[in-house]
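Residues per chain are reported as follows:
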Amino acid sequence: MVLMNKGLEIRIYPQDELIGPIHQNIGNTRFVWNNVLSRYNKMYEESKETENEIHPSLSLFNNILNDLKQEFPFLKKSESTSLQQVLRDLLKAFKCFFNGTSNYPKHKSKKKSKKTFRVQNNNNSVRVENKKLRVPTLGFIKYKTSNEYTLLLQTSKINNETIKFKNGKYYAIVNVVTDYTPWPLCSGNVGIDMGMKTFATLSDGTKIANLDLTYEEEMIKKYQRKMSRQKYGSKNYYKTLHKYWKWIDKRNNIVEDFLHKLSYTIVMNHQSIFMETLNIKGMMQNENFAAKLQAISISKFISMMEYKCHWNQRNFIQVSMFFPSSKMCNICKEKYEELKLDMRTWTCPHCNTTHDRDINAAKNILYEGLRILAGELLDEFATA
(Lines give C-alpha, C1' and ligand atoms only; values in the text may rest on other atoms or scores of the structure.)
Protein backbone atom coordinates (compact mmCIF):
# COMPACT_ATOMS: atom_id res chain seq x y z
CA MET A 1 0.00 0.00 0.00
CA VAL A 2 1.37 3.41 -1.01
CA LEU A 3 0.28 7.03 -0.58
CA MET A 4 -1.16 8.45 -3.78
CA ASN A 5 -2.47 11.84 -4.93
CA LYS A 6 -5.84 11.52 -6.61
CA GLY A 7 -8.16 14.06 -8.19
CA LEU A 8 -11.81 13.33 -7.42
CA GLU A 9 -14.23 15.12 -9.73
CA ILE A 10 -17.66 15.52 -8.15
CA ARG A 11 -20.82 17.35 -9.21
CA ILE A 12 -21.76 20.28 -6.98
CA TYR A 13 -25.06 22.15 -6.72
CA PRO A 14 -24.46 25.73 -5.54
CA GLN A 15 -27.41 27.81 -4.38
CA ASP A 16 -28.51 30.72 -6.55
CA GLU A 17 -26.82 33.31 -4.34
CA LEU A 18 -23.44 31.55 -4.85
CA ILE A 19 -23.55 31.52 -8.66
CA GLY A 20 -22.43 35.17 -8.89
CA PRO A 21 -19.47 34.79 -6.47
CA ILE A 22 -18.30 31.61 -8.25
CA HIS A 23 -18.16 33.39 -11.60
CA GLN A 24 -16.60 36.42 -9.90
CA ASN A 25 -13.77 34.17 -8.67
CA ILE A 26 -13.39 32.64 -12.13
CA GLY A 27 -13.25 36.08 -13.71
CA ASN A 28 -10.78 37.40 -11.13
CA THR A 29 -8.29 34.58 -11.79
CA ARG A 30 -8.44 35.29 -15.53
CA PHE A 31 -8.09 39.02 -14.84
CA VAL A 32 -4.99 38.45 -12.67
CA TRP A 33 -3.37 36.16 -15.27
CA ASN A 34 -3.88 38.67 -18.10
CA ASN A 35 -2.78 41.73 -16.12
CA VAL A 36 0.26 40.13 -14.49
CA LEU A 37 1.36 38.83 -17.90
CA SER A 38 0.83 42.24 -19.55
CA ARG A 39 2.71 44.13 -16.83
CA TYR A 40 5.57 41.64 -16.86
CA ASN A 41 5.86 41.95 -20.66
CA LYS A 42 6.02 45.75 -20.33
CA MET A 43 8.61 45.57 -17.55
CA TYR A 44 10.69 43.12 -19.58
CA GLU A 45 10.71 45.39 -22.65
CA GLU A 46 11.75 48.35 -20.51
CA SER A 47 14.48 46.35 -18.77
CA LYS A 48 16.04 45.37 -22.12
CA GLU A 49 16.79 49.00 -22.81
CA THR A 50 18.87 49.19 -19.63
CA GLU A 51 20.63 45.86 -20.40
CA ASN A 52 19.36 44.49 -17.07
CA GLU A 53 16.68 42.05 -18.15
CA ILE A 54 13.97 41.12 -15.65
CA HIS A 55 13.16 37.41 -15.52
CA PRO A 56 9.86 35.92 -14.29
CA SER A 57 9.79 34.94 -10.62
CA LEU A 58 7.18 34.36 -7.96
CA SER A 59 8.34 37.36 -5.91
CA LEU A 60 8.05 39.65 -8.94
CA PHE A 61 4.56 38.35 -9.72
CA ASN A 62 3.54 38.82 -6.08
CA ASN A 63 4.59 42.47 -6.21
CA ILE A 64 2.52 42.96 -9.36
CA LEU A 65 -0.47 41.25 -7.71
CA ASN A 66 -0.22 43.52 -4.65
CA ASP A 67 -0.31 46.54 -6.93
CA LEU A 68 -3.33 45.12 -8.75
CA LYS A 69 -5.20 44.60 -5.46
CA GLN A 70 -4.64 48.25 -4.54
CA GLU A 71 -5.78 49.42 -7.96
CA PHE A 72 -8.72 47.00 -8.31
CA PRO A 73 -10.38 46.40 -4.89
CA PHE A 74 -12.77 43.75 -6.30
CA LEU A 75 -9.83 41.33 -6.36
CA LYS A 76 -9.93 41.24 -2.56
CA LYS A 77 -13.28 39.44 -2.76
CA SER A 78 -11.49 36.36 -4.15
CA GLU A 79 -9.98 33.74 -1.87
CA SER A 80 -6.29 34.70 -1.60
CA THR A 81 -4.85 31.26 -2.42
CA SER A 82 -6.82 31.16 -5.70
CA LEU A 83 -4.92 34.25 -6.91
CA GLN A 84 -1.61 32.86 -5.63
CA GLN A 85 -2.31 29.72 -7.67
CA VAL A 86 -2.61 31.87 -10.80
CA LEU A 87 0.91 33.20 -10.20
CA ARG A 88 2.29 29.66 -9.79
CA ASP A 89 0.54 28.54 -12.96
CA LEU A 90 1.93 31.52 -14.88
CA LEU A 91 5.46 30.85 -13.60
CA LYS A 92 5.09 27.19 -14.65
CA ALA A 93 3.99 28.34 -18.12
CA PHE A 94 7.15 30.45 -18.42
CA LYS A 95 9.32 27.50 -17.32
CA CYS A 96 7.72 25.31 -19.98
CA PHE A 97 8.43 28.03 -22.54
CA PHE A 98 12.10 28.26 -21.53
CA ASN A 99 12.37 24.45 -21.62
CA GLY A 100 11.04 24.44 -25.18
CA THR A 101 7.99 22.32 -24.33
CA SER A 102 5.36 25.02 -25.00
CA ASN A 103 4.84 28.40 -26.61
CA TYR A 104 5.10 31.77 -24.87
CA PRO A 105 2.22 32.30 -22.37
CA LYS A 106 -0.82 33.92 -23.94
CA HIS A 107 -3.63 36.04 -22.56
CA LYS A 108 -6.82 34.16 -21.67
CA SER A 109 -10.06 35.06 -23.40
CA LYS A 110 -13.37 35.11 -21.55
CA LYS A 111 -15.01 32.92 -24.19
CA LYS A 112 -12.40 30.20 -24.80
CA SER A 113 -10.45 29.80 -21.56
CA LYS A 114 -11.37 27.16 -18.98
CA LYS A 115 -13.71 28.51 -16.34
CA THR A 116 -11.97 27.34 -13.16
CA PHE A 117 -10.28 28.52 -10.00
CA ARG A 118 -8.31 26.57 -7.39
CA VAL A 119 -8.10 27.09 -3.63
CA GLN A 120 -5.68 25.51 -1.15
CA ASN A 121 -6.73 23.74 2.03
CA ASN A 122 -5.29 25.95 4.77
CA ASN A 123 -6.31 25.26 8.36
CA ASN A 124 -9.00 22.79 7.27
CA SER A 125 -10.74 25.45 5.20
CA VAL A 126 -11.68 22.75 2.66
CA ARG A 127 -13.61 19.88 4.24
CA VAL A 128 -16.68 17.69 3.92
CA GLU A 129 -19.58 17.81 6.40
CA ASN A 130 -23.06 16.30 6.07
CA LYS A 131 -22.72 15.63 2.33
CA LYS A 132 -21.65 19.23 1.75
CA LEU A 133 -18.27 20.48 0.54
CA ARG A 134 -16.85 23.65 2.02
CA VAL A 135 -15.29 26.16 -0.37
CA PRO A 136 -13.42 29.10 1.22
CA THR A 137 -15.31 32.44 0.93
CA LEU A 138 -18.35 30.58 -0.49
CA GLY A 139 -19.34 28.25 2.37
CA PHE A 140 -20.85 24.77 2.17
CA ILE A 141 -22.17 23.48 -1.16
CA LYS A 142 -24.19 20.31 -1.76
CA TYR A 143 -22.55 17.61 -3.86
CA LYS A 144 -23.34 14.19 -5.33
CA THR A 145 -20.87 11.44 -6.19
CA SER A 146 -20.28 7.70 -5.91
CA ASN A 147 -20.03 5.82 -2.61
CA GLU A 148 -16.33 5.22 -3.30
CA TYR A 149 -15.58 8.92 -3.73
CA THR A 150 -17.74 9.81 -0.71
CA LEU A 151 -15.64 7.51 1.47
CA LEU A 152 -12.39 8.93 0.09
CA LEU A 153 -13.53 12.50 0.74
CA GLN A 154 -14.36 11.64 4.34
CA THR A 155 -11.20 9.64 5.13
CA SER A 156 -8.45 11.27 3.06
CA LYS A 157 -6.34 14.37 3.51
CA ILE A 158 -7.49 17.15 1.16
CA ASN A 159 -4.74 19.24 -0.47
CA ASN A 160 -6.81 21.59 -2.61
CA GLU A 161 -9.96 21.85 -4.66
CA THR A 162 -10.70 23.28 -8.08
CA ILE A 163 -14.13 24.69 -8.85
CA LYS A 164 -15.10 24.28 -12.50
CA PHE A 165 -18.00 25.49 -14.62
CA LYS A 166 -18.49 23.48 -17.79
CA ASN A 167 -21.47 23.08 -20.12
CA GLY A 168 -23.89 24.62 -17.65
CA LYS A 169 -22.82 22.43 -14.72
CA TYR A 170 -20.61 23.00 -11.71
CA TYR A 171 -17.93 20.59 -10.52
CA ALA A 172 -15.33 20.39 -7.77
CA ILE A 173 -12.08 18.53 -8.42
CA VAL A 174 -10.77 17.63 -4.98
CA ASN A 175 -7.11 16.62 -4.74
CA VAL A 176 -6.65 14.10 -1.92
CA VAL A 177 -3.82 12.00 -0.50
CA THR A 178 -5.03 8.45 0.00
CA ASP A 179 -3.76 4.90 0.49
CA TYR A 180 -3.61 2.92 -2.73
CA THR A 181 -2.97 -0.79 -3.22
CA PRO A 182 -1.29 -1.47 -6.60
CA TRP A 183 -2.58 -4.34 -8.68
CA PRO A 184 -0.65 -7.64 -8.43
CA LEU A 185 2.31 -8.04 -10.79
CA CYS A 186 1.54 -10.07 -13.89
CA SER A 187 3.29 -11.47 -16.93
CA GLY A 188 2.86 -10.38 -20.50
CA ASN A 189 4.18 -7.62 -22.76
CA VAL A 190 2.27 -5.73 -25.42
CA GLY A 191 3.03 -3.23 -28.14
CA ILE A 192 0.27 -0.81 -29.17
CA ASP A 193 -0.05 0.95 -32.50
CA MET A 194 -2.47 3.89 -32.50
CA GLY A 195 -4.28 4.71 -35.71
CA MET A 196 -7.04 6.69 -37.38
CA LYS A 197 -8.99 3.89 -39.09
CA THR A 198 -8.53 1.53 -36.12
CA PHE A 199 -8.25 3.16 -32.71
CA ALA A 200 -5.56 0.76 -31.44
CA THR A 201 -3.91 -2.45 -32.63
CA LEU A 202 -2.17 -4.75 -30.15
CA SER A 203 0.87 -6.86 -30.96
CA ASP A 204 -1.15 -10.04 -30.30
CA GLY A 205 -3.35 -9.18 -33.30
CA THR A 206 -6.26 -7.63 -31.35
CA LYS A 207 -7.80 -4.62 -33.07
CA ILE A 208 -9.83 -2.01 -31.15
CA ALA A 209 -12.36 -0.27 -33.38
CA ASN A 210 -13.09 3.44 -33.15
CA LEU A 211 -16.27 4.51 -31.40
CA ASP A 212 -19.23 5.29 -33.62
CA LEU A 213 -20.20 8.79 -32.52
CA THR A 214 -22.07 9.70 -35.71
CA TYR A 215 -25.44 10.29 -34.03
CA GLU A 216 -23.98 12.37 -31.20
CA GLU A 217 -22.00 14.50 -33.67
CA GLU A 218 -25.09 15.04 -35.80
CA MET A 219 -27.10 16.23 -32.79
CA ILE A 220 -24.28 18.59 -31.76
CA LYS A 221 -24.18 20.10 -35.26
CA LYS A 222 -27.97 20.34 -35.31
CA TYR A 223 -28.07 22.55 -32.21
CA GLN A 224 -25.06 24.56 -33.39
CA ARG A 225 -26.97 25.43 -36.54
CA LYS A 226 -30.08 26.24 -34.54
CA MET A 227 -28.19 28.63 -32.22
CA SER A 228 -26.65 30.40 -35.21
CA ARG A 229 -30.17 31.39 -36.33
CA GLN A 230 -31.31 32.61 -32.91
CA LYS A 231 -30.74 35.91 -31.21
CA TYR A 232 -27.78 35.67 -28.86
CA GLY A 233 -28.87 35.91 -25.22
CA SER A 234 -32.57 35.27 -25.84
CA LYS A 235 -34.57 32.67 -23.90
CA ASN A 236 -34.80 30.38 -26.91
CA TYR A 237 -31.06 30.71 -27.45
CA TYR A 238 -30.33 29.53 -23.91
CA LYS A 239 -32.83 26.66 -24.22
CA THR A 240 -30.97 25.47 -27.33
CA LEU A 241 -27.62 26.07 -25.64
CA HIS A 242 -28.54 23.70 -22.78
CA LYS A 243 -29.56 21.01 -25.28
CA TYR A 244 -26.26 21.55 -27.10
CA TRP A 245 -24.35 21.18 -23.82
CA LYS A 246 -26.31 18.00 -23.07
CA TRP A 247 -25.12 16.32 -26.26
CA ILE A 248 -21.55 17.56 -25.77
CA ASP A 249 -21.54 15.93 -22.32
CA LYS A 250 -23.09 12.74 -23.67
CA ARG A 251 -20.41 12.41 -26.35
CA ASN A 252 -17.60 13.20 -23.91
CA ASN A 253 -18.93 10.70 -21.35
CA ILE A 254 -19.07 7.93 -23.97
CA VAL A 255 -15.46 8.62 -24.98
CA GLU A 256 -14.28 8.89 -21.36
CA ASP A 257 -15.95 5.59 -20.42
CA PHE A 258 -14.45 3.83 -23.45
CA LEU A 259 -10.93 5.10 -22.73
CA HIS A 260 -11.04 4.21 -19.03
CA LYS A 261 -12.31 0.68 -19.63
CA LEU A 262 -9.82 -0.01 -22.43
CA SER A 263 -6.82 1.36 -20.51
CA TYR A 264 -7.91 -0.57 -17.39
CA THR A 265 -8.09 -3.86 -19.33
CA ILE A 266 -4.70 -3.42 -21.00
CA VAL A 267 -2.83 -2.31 -17.87
CA MET A 268 -4.46 -4.99 -15.71
CA ASN A 269 -3.34 -7.80 -18.05
CA HIS A 270 0.18 -6.71 -19.07
CA GLN A 271 3.30 -5.99 -17.03
CA SER A 272 5.13 -4.07 -19.77
CA ILE A 273 3.34 -1.77 -22.21
CA PHE A 274 4.99 -0.11 -25.19
CA MET A 275 3.52 2.65 -27.34
CA GLU A 276 4.76 4.96 -30.04
CA THR A 277 5.48 8.64 -29.40
CA LEU A 278 3.03 10.64 -31.48
CA ASN A 279 3.42 14.24 -32.56
CA ILE A 280 -0.15 15.12 -31.58
CA LYS A 281 0.46 18.86 -31.89
CA GLY A 282 1.75 18.48 -35.43
CA MET A 283 -1.07 16.13 -36.40
CA MET A 284 -3.65 18.58 -35.07
CA GLN A 285 -2.36 21.17 -37.53
CA ASN A 286 -3.38 18.87 -40.40
CA GLU A 287 -6.97 19.76 -41.25
CA ASN A 288 -7.61 16.18 -42.44
CA PHE A 289 -6.65 14.71 -39.05
CA ALA A 290 -7.59 17.41 -36.51
CA ALA A 291 -11.33 16.69 -36.16
CA LYS A 292 -10.81 12.92 -36.02
CA LEU A 293 -8.01 13.21 -33.44
CA GLN A 294 -10.13 15.46 -31.25
CA ALA A 295 -13.04 13.02 -31.41
CA ILE A 296 -11.09 9.86 -30.50
CA SER A 297 -8.86 11.57 -27.87
CA ILE A 298 -5.63 9.65 -28.49
CA SER A 299 -3.59 11.96 -26.26
CA LYS A 300 -6.01 11.40 -23.35
CA PHE A 301 -5.74 7.62 -23.81
CA ILE A 302 -1.93 7.76 -23.73
CA SER A 303 -2.09 9.88 -20.56
CA MET A 304 -4.43 7.34 -18.92
CA MET A 305 -2.13 4.47 -19.84
CA GLU A 306 0.86 6.30 -18.41
CA TYR A 307 -0.61 7.17 -15.00
CA LYS A 308 -2.28 3.78 -14.55
CA CYS A 309 1.04 2.07 -15.28
CA HIS A 310 2.74 4.38 -12.77
CA TRP A 311 0.15 3.66 -10.10
CA ASN A 312 0.34 -0.11 -10.57
CA GLN A 313 4.10 -0.70 -10.98
CA ARG A 314 3.90 -1.48 -14.69
CA ASN A 315 6.61 -0.67 -17.23
CA PHE A 316 5.45 2.02 -19.67
CA ILE A 317 7.79 2.96 -22.50
CA GLN A 318 7.19 5.08 -25.60
CA VAL A 319 9.46 4.42 -28.56
CA SER A 320 10.82 7.28 -30.64
CA MET A 321 8.48 8.94 -33.12
CA PHE A 322 11.21 8.43 -35.74
CA PHE A 323 11.21 4.65 -35.27
CA PRO A 324 9.93 3.13 -38.60
CA SER A 325 7.37 0.81 -37.01
CA SER A 326 5.12 0.60 -40.08
CA LYS A 327 7.81 0.32 -42.76
CA MET A 328 9.99 -2.27 -41.02
CA CYS A 329 9.35 -5.98 -41.49
CA ASN A 330 9.07 -7.55 -38.03
CA ILE A 331 10.57 -10.80 -39.38
CA CYS A 332 13.72 -9.77 -41.27
CA LYS A 333 13.94 -6.13 -40.00
CA GLU A 334 14.32 -4.72 -43.51
CA LYS A 335 12.64 -1.40 -44.35
CA TYR A 336 10.12 -1.12 -47.16
CA GLU A 337 10.54 2.51 -48.26
CA GLU A 338 7.76 2.33 -50.88
CA LEU A 339 5.03 1.84 -48.25
CA LYS A 340 2.27 4.43 -48.65
CA LEU A 341 -0.44 5.58 -46.22
CA ASP A 342 -3.27 3.89 -48.11
CA MET A 343 -1.55 0.46 -48.15
CA ARG A 344 -3.17 -1.55 -45.34
CA THR A 345 -1.31 -4.79 -46.24
CA TRP A 346 2.06 -5.26 -47.87
CA THR A 347 4.53 -8.01 -48.73
CA CYS A 348 8.16 -7.72 -47.68
CA PRO A 349 10.36 -7.94 -50.83
CA HIS A 350 13.20 -9.51 -48.79
CA CYS A 351 11.48 -12.42 -46.98
CA ASN A 352 8.13 -12.50 -48.86
CA THR A 353 6.12 -12.19 -45.61
CA THR A 354 2.69 -10.59 -46.04
CA HIS A 355 1.95 -8.09 -43.27
CA ASP A 356 -1.10 -6.36 -41.93
CA ARG A 357 0.19 -2.79 -41.63
CA ASP A 358 -1.10 -2.15 -38.08
CA ILE A 359 -0.24 -5.53 -36.58
CA ASN A 360 3.26 -5.35 -38.04
CA ALA A 361 3.72 -1.88 -36.53
CA ALA A 362 2.49 -3.10 -33.12
CA LYS A 363 4.94 -6.01 -33.16
CA ASN A 364 7.83 -3.71 -34.09
CA ILE A 365 6.86 -1.36 -31.24
CA LEU A 366 6.86 -4.37 -28.89
CA TYR A 367 10.36 -5.52 -29.96
CA GLU A 368 11.80 -1.99 -29.82
CA GLY A 369 10.21 -1.42 -26.40
CA LEU A 370 11.68 -4.65 -25.06
CA ARG A 371 15.10 -3.58 -26.36
CA ILE A 372 14.82 -0.21 -24.58
CA LEU A 373 13.59 -1.87 -21.38
CA ALA A 374 16.48 -4.36 -21.41
CA GLY A 375 18.95 -1.47 -21.78
CA GLU A 376 17.38 0.37 -18.82
CA LEU A 377 17.53 -2.76 -16.65
CA LEU A 378 21.19 -3.31 -17.56
CA ASP A 379 21.99 0.31 -16.65
CA GLU A 380 20.25 -0.11 -13.27
CA PHE A 381 22.15 -3.33 -12.62
CA ALA A 382 25.48 -1.71 -13.53
CA THR A 383 24.93 1.24 -11.19
CA ALA A 384 23.55 -0.86 -8.30
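Now for a look at the structure at hand.

### Considering the overall build of the protein chain
Logical step 1: Helix and strand content of the protein chain: ten helices and 14 strands.
Logical step 2: Seen along its three principal axes, the alpha-carbon backbone of the protein chain occupies a region of about 75 × 55 × 50 Å.
Logical step 3: When each of the 384 residues of the protein chain is scored for burial, the buried share is 42%.
Logical step 4: Taking the contacts inside the protein chain whose residues are at least 6 apart along the sequence as the reference set, 69% of them involve residues at least 24 apart.
Logical step 5: If the 58 positive side-chain charges of the protein chain are averaged to one point and the 38 negative ones to another, these points end up 10 Å apart.

### Remarks on a positive patch on the surface
Logical step 1: A contiguous patch of positive charge, built from Lys221, Lys222, Arg225, Lys226, Arg229, Lys235, Lys239, Lys243, Lys246 and Lys250, is present on the exposed surface.
Logical step 2: For the positive patch, the secondary-structure elements that each account for two or more residues are helix 5 (214–228) and helix 6 (235–269).
Logical step 3: It is helix 6 that provides the largest number of residues to the positive patch, a total of five residues.
Logical step 4: Summarising the element assignment, Arg225 is placed in helix 5.

### A look at unusual backbone geometry
Logical step 1: Despite not being glycine, Asn130 has its phi angle at roughly 50°, a positive value.
Logical step 2: Mapped onto the fold, Asn130 is located in the loop between strand 3 (128–129) and strand 4 (132–135).
Logical step 3: For Asn167, which is not glycine, the phi dihedral falls at a positive 50°.
Logical step 4: Structurally, Asn167 can be placed in the loop between strand 6 (157–166) and strand 7 (169–180).
Logical step 5: We classify Asn167 as buried; its relative accessible area is 16%.

### Observations regarding a nonpolar patch on the surface
Logical step 1: Taken together, the side chains of Phe97, Phe98 and Tyr104 make up a nonpolar region of the molecular surface, amounting to roughly 290 Å² of accessible area.
Logical step 2: One can find Tyr104 in the loop between helix 3 (80–99) and strand 2 (115–120).

### Observations concerning the packing of aromatic side chains
Logical step 1: Under the criterion given, the structure shown has 22 aromatic pairs.
Logical step 2: Measuring from centroid to centroid gives 6.1 Å for Tyr40 and Phe61, while their planes differ by 90°, and the two rings are edge-to-face. Separated by 21 residues along the polypeptide, Tyr40 in helix 1 (residues 16–49) and Phe61 in helix 2 (residues 58–71) bring together distant segments of the chain.
Logical step 3: Site record: aromatic cluster; members linked through ring pairs are Tyr40, Tyr44, Phe61, Phe94, Phe97, Phe98 and Tyr104.

### Considering helix 2
Logical step 1: Over its 14 residues, helix 2 extends 20 Å from the first C-alpha to the last, a length consistent with the 20 Å expected when each residue adds 1.5 Å.
Logical step 2: Packed against the buried residues of helix 2 are helix 1 and helix 3.

### Comments concerning the sheet that holds strand 8 (residues 189–194)
Where strands meet in a sheet, backbone hydrogen bonds hold them as pairs that are either parallel or antiparallel.
Logical step 1: Sheet architecture is open: five strands sit in the order 10-9-8-11-12, paired in mixed fashion. In this open sheet, the two strands that pair with only one neighbour each are strand 10 (207–209) and strand 12 (315–319). Across the sheet, the axes of successive neighbouring strands diverge by a mean angle of 20°, strand direction being ignored.
Logical step 2: Note: strand 8 against strand 11 (residues 272–276), four bridges, orientation parallel. Looking across to strand 11, one finds that Ile192 is bridged to Met275.
Logical step 3: Lying on the sheet, helix 6 is in contact with strand 8, strand 9 (198–202), strand 10 and strand 11; it crosses strand 9 at an angle near 5°.

### Quick look at the packing of helix 6 against helix 9 (residues 298–311)
Logical step 1: At their nearest, the axes of helix 6 and helix 9 sit 10 Å apart, and the two run at 40° to each other. In terms of their interaxial angle, helix 6 and helix 9 are classed as oblique. The handedness of the crossing between helix 6 and helix 9 is right-handed. Along the contact surface, helix 6 presents Glu256, Leu259, His260, Leu262, Ser263, Tyr264, Ile266 and Val267, while helix 9 presents Lys300, Phe301, Met304, Met305, Tyr307, Lys308 and Cys309.
Logical step 2: Of the residues contributing to the contact of helix 6 with helix 9, the split by class is ten nonpolar, two polar and three charged.

### With respect to the pattern of salt bridges
Logical step 1: Throughout the structure, instances matching the rule amount to twelve salt bridges.
Logical step 2: A salt bridge links Glu9 to Lys164, with the nearest nitrogen and oxygen atoms 3.5 Å apart. Taken as a pair, Glu9 in strand 1 (residues 2–13) and Lys164 in strand 6 lie far apart in primary sequence, 155 residues in all.
Logical step 3: In this structure, the salt-bridge partner of Glu368 is Arg371, at a minimum N-O distance of 2.7 Å. Taken together, the residues span about one helical turn, with Glu368 and Arg371 both in helix 10 (residues 357–383) at a distance of three residues.
Logical step 4: Exposure remark for Arg371: the relative accessible area of 53% places this residue in the exposed category.

How each quantity is defined
- Residues numbered from 1 in each chain as written.
- Predicted model: local features only at pLDDT ≥ 70, side-chain atom pairs only at ≥ 80, totals over all residues.
- Heavy atoms only, no water.
- Helix = DSSP H or I, 4+ residues; strand = E, 2+ residues; numbered from the N terminus.
- Buried < 20%, exposed > 50% of the residue type's maximum accessible area, 1.4 Å probe, protein only.
- Contact = heavy atoms within 4.5 Å.
- Lys, Arg positive; Asp, Glu negative; His and termini not counted.
- Charge placed at Lys NZ, Arg CZ, Asp CG, Glu CD.
- Patch = residues over 30% accessible without salt bridge, like charges linked within 9 Å, V, L, I, M, F, W, Y side chains within 5 Å.
- Areas by Shrake-Rupley, 256 points an atom, 1.4 Å probe, with all protein chains shown as cover.
- Salt bridge = Lys/Arg side-chain N within 4 Å of Asp/Glu carboxyl O.
- Phe/Tyr/Trp six-rings, centres within 6.5 Å; stacked < 30°, edge-to-face > 60°.
- Expected span 1.5 Å × (residues − 1).
- Pairing = 2+ DSSP bridges.
- Axes fitted to C-alpha atoms, helices over the stretch in contact; angles between N-to-C directions.
- Parallel < 35°, antiparallel > 145°, perpendicular 65-115°, else oblique.
- Left-handed = near helix turned anticlockwise from the far one by under 90°.
- Nonpolar A, V, L, I, M, F, W, Y, C, P; charged D, E, K, R; others polar.

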